[in-house]
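# Breakdown of the fold
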Amino acid sequence: MNIQQLLNDLEAGCTYRTARGESIFDKELFIVKSALIFSLKSEGIDDEQSTKLKAEFDRHIPKILGVGHSLYSCIQFGDGKKGKAAIEALERQLLGSTLTEMEGASRTYGKGPFTGSNG
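Read on for a plain summary of the structure.

Definitions and cut-offs
Residues numbered from 1 in each chain as written. Predicted model: local features only at pLDDT ≥ 70, side-chain atom pairs only at ≥ 80, totals over all residues. Heavy atoms only, no water. Buried < 20%, exposed > 50% of the residue type's maximum accessible area, 1.4 Å probe, protein only. Helix = DSSP H or I, 4+ residues; strand = E, 2+ residues; numbered from the N terminus. Arc of directions from axis to C-beta. Polar contact = N/O pair within 3.5 Å; in protein donor to acceptor, adjacent residues only side chain to side chain. Core = buried A, V, L, I, M, F, W, Y, C linked by side-chain atoms within 4.5 Å. Contact = heavy atoms within 4.5 Å. Salt bridge = Lys/Arg side-chain N within 4 Å of Asp/Glu carboxyl O.

We now examine helix H4 (residues 71–79). The periodicity of an α-helix, 3.6 residues per turn, causes residues three or four places apart in sequence to face the same way. Taken together, the buried positions of H4 are occupied by Leu71, Ser73, Cys74, Phe77 and Gly78. All buried residues of H4 lie within an arc of 165 degrees about the axis, which places them on one face of the element. Turned more than 90 degrees off the buried face of H4, the exposed positions are Tyr72 and Asp79. If you check the start of H4, you find a side-chain oxygen 3.3 Å away from the backbone N of tyrosine 72, and it comes from serine 70.

Our next topic: the nonpolar core. Formed by 22 residues in total, the largest nonpolar core has its most connected members in Leu7, Phe30, Phe57 and Ile61. Here this core gets seven residues from one element, more than from any other, and that element is helix H2 (residues 27–42). Leaving out residues up to four positions away in the same chain, phenylalanine 57 has contacts with Ile3, Leu7, Ser34, Ile37, Phe38, Pro62 and Leu71.

Applying the stated criterion across every chain, the model contains four salt bridges. Among the salt bridges present, the one from lysine 54 reaches aspartate 58, with a minimum N-O distance of 2.6 Å. Here lysine 54 pairs with aspartate 58, and both are found in helix H3 (residues 47–65), just four residues apart, close to one helical turn. With a relative accessible area of 36%, lysine 54 lands in the partly exposed category. A salt bridge links arginine 59 to glutamate 56, with the shortest nitrogen-to-oxygen separation between them at 2.1 Å. Of this pair, arginine 59 and glutamate 56 both sit in helix H3, three residues apart, roughly one helical turn. Under the relative-accessibility criterion, arginine 59 is labelled partly exposed at 43%. Take glutamate 56: its relative accessible area is 25%, and that puts it in the partly exposed class.

Okay, structure coming up:
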């Protein structure tokens, strides 16, 4: 999957519909996820490949967030107070969905940390 498609899919995943049918884009979530995806994709690649990957992100991020935004601004945001709050909210959301799935499995199978029985 190319970076443009990846970021377009990420944008779609950060866009929600209200009860009135209005479309709302969660810019902070997109910024945090963009930085995280870059971090994951850049693991284990050499400096030349990392530079090319960064250039791809920098080419497409402004198309979604607007002029003046870049991968660097996304990473900077993640290091700030609002970014850390967005990361914590994402972690709670992911942890909550994981716990809900685990609770459902423990009810289904009668075992696990949510039933008081491990065996």
